[in-house]
Amino acid sequence: MKLFMTSSPGGSVCVDGRCVTASFDCANGFLKEFRNACKGETDCLILSSDPENTRMGDEMRDFFVDAFEKSGMSVARVDVCDKRDPGLVNQLCCYGLLILAGGHVPTQNAFFRQIGLREKIHRYAGVVLGISAGTMNCAEVVYAQPEEPGEAVNPCYVRYMQGLGLTHVNVLPHFQNVNGLRLDGLRVMEDICLPDSRVRPFYGLPDGSWLYREQGHTRLYGEAWLLEAGTCVKICENGESRVVEEER
């Protein structure tokens, strides 16, 4: 398996205040490496973050079809695994590329457990692209930071859950938005991120940065921060890379 873990792979730009489809992000060499990994024509399966939201699934499919074309990538078909056809998870080997969509981490995690993705994906030998929540759910133990109103102050909200077990790395995506952000009256960085880093370390990953894992070796590309034991330290810059995980 070739695993790409992103905050966002790009694929859209703002033109006159309107988002339009574009090629995937070239920052830190992502598009080049992603295109090389998906050599030749392939089929793609998107695994939804919200299986009930079929309209979102259709919009994602249309978006990726366009983004692949603009990125110079050849994709024969793009299917969506949501409530309409959860059985597609039993045909993973028929797809050269799996996309773990972005969205709400606990909702996606519950869907992945429902369809038994953890057991099936470990037999998969193709390319996997994690996006935001999809990247977070790749971990053995997922850190699901509160993100929706009410979650940060809900004593029943579960922040740690079993994931797909593809990596031991925890990621907090869209890290460029964290400073100054507030949720449920709390400062996201000072009152949520840093205290939670005392439980498990995680990497703050802004859009444009990404991780690549193959054969037990995970390398980080682009700027990123390590949050650990209540501290936040920048560990990598744009244009740089470093190993963050070796096979145990």
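Right, let's walk through the structure included here. (Residues numbered from 1 in each chain as written. Predicted model: local features only at pLDDT ≥ 70, side-chain atom pairs only at ≥ 80, totals over all residues. Heavy atoms only, no water.)

1. Points about the side chain of Thr-218
Consideration 1: When you line up the elements, Thr-218 lands in strand β15 (residues 217–221).
Consideration 2: Judged by relative accessible area, Thr-218 falls into the buried class, the value being 0%.
Consideration 3: Only 2.8 Å separates the side chain of Thr-218 from the side chain of Glu-245, close enough to count as a polar contact.
Consideration 4: For Thr-218, the residues in contact, after removing those within four places along its chain, are Met-5, Leu-211, Tyr-212, Arg-213, Arg-242, Val-243, Val-244 and Glu-245. (Helix = DSSP H or I, 4+ residues; strand = E, 2+ residues; numbered from the N terminus. Buried < 20%, exposed > 50% of the residue type's maximum accessible area, 1.4 Å probe, protein only. Polar contact = N/O pair within 3.5 Å; in protein donor to acceptor, adjacent residues only side chain to side chain. Contact = heavy atoms within 4.5 Å.)

2. Brief notes about helix α2 (residues 54–70)
Consideration 1: If you check α2, its first and last C-alpha atoms are 25 Å apart, about what 17 residues at 1.5 Å a residue would give, namely 24 Å.
Consideration 2: Listed in full, the buried residues belonging to α2 are Gly-57, Met-60, Phe-64, Ala-67 and Phe-68. Each buried residue of α2 sits inside an arc of 95 degrees when the element is viewed along its axis, so together they form one side. Looking at α2, the residues exposed on the side facing more than 90 degrees away from the buried face are Arg-55 and Glu-69.
Consideration 3: Positive backbone phi, approximately 75 degrees, marks Gly-72, located one or two places after α2. (Expected span 1.5 Å × (residues − 1). Arc of directions from axis to C-beta.)

3. As for the sheet that holds strand β13 (residues 202–205)
Remark on secondary structure: sheet strands pair via backbone hydrogen bonds, oriented parallel or antiparallel.
Consideration 1: Spatially, β10-β13-β16-β17 is the arrangement adopted by the four strands of the open sheet, whose pairing is mixed. Unpaired on one side and paired on the other, β10 (171–173) and β17 (231–236) mark the two borders of the sheet. Strand-to-strand twist across the sheet, computed as the mean angle between neighbouring axes with direction ignored, equals 30 degrees.
Consideration 2: By the bridge criterion, three bridges tie β13 to strand β16 (residues 224–228) in an arrangement that is antiparallel. (Pairing = 2+ DSSP bridges. Axes fitted to C-alpha atoms, helices over the stretch in contact; angles between N-to-C directions.)

4. Remarks on the pairing of strand β2 (residues 10–15)
In the case of a regular strand, side chains alternate between the two sheet surfaces.
Consideration 1: As paired strands, β2 and strand β3 (residues 18–24) are joined by five bridges and run antiparallel to one another. The residue of β3 that forms the bridge with Val-13 is Val-20.
Consideration 2: Between β2 and the antiparallel strand that follows it, β3, lie two residues; Asp-16 among them carries a positive phi value of about 55 degrees.

5. Here's the deal with the sheet that holds strand β14 (residues 210–214)
Consideration 1: Read across the sheet, eight strands follow the order β5-β4-β6-β7-β1-β14-β15-β18 without closing on themselves; strand pairing throughout is mixed. Here the strands that pair on one side only, and so sit at the sheet edges, are β5 (75–81) and β18 (241–245). Pairs of neighbouring strands in the sheet enclose a mean axial angle of 20 degrees, with direction left out of account.
Consideration 2: Against the sheet, helix α1 (residues 30–37) engages β1 (2–6), β6 (97–100), β7 (127–131) and β14, with an angle of about 150 degrees to β1.
Consideration 3: α2 contacts β4 (42–47), β5, β6 and β7 of the sheet and is inclined by roughly 160 degrees relative to β5.

6. A word on the pairing of β16
Consideration 1: Sheet topology places β16 next to β17; five bridges connect them, and they run antiparallel. Directly across from Ala-224, in β17, lies its bridge partner Cys-236.
Consideration 2: The turn linking β16 back onto β17 is made up of two residues, and Ala-229 within it adopts a positive phi angle of 55 degrees.

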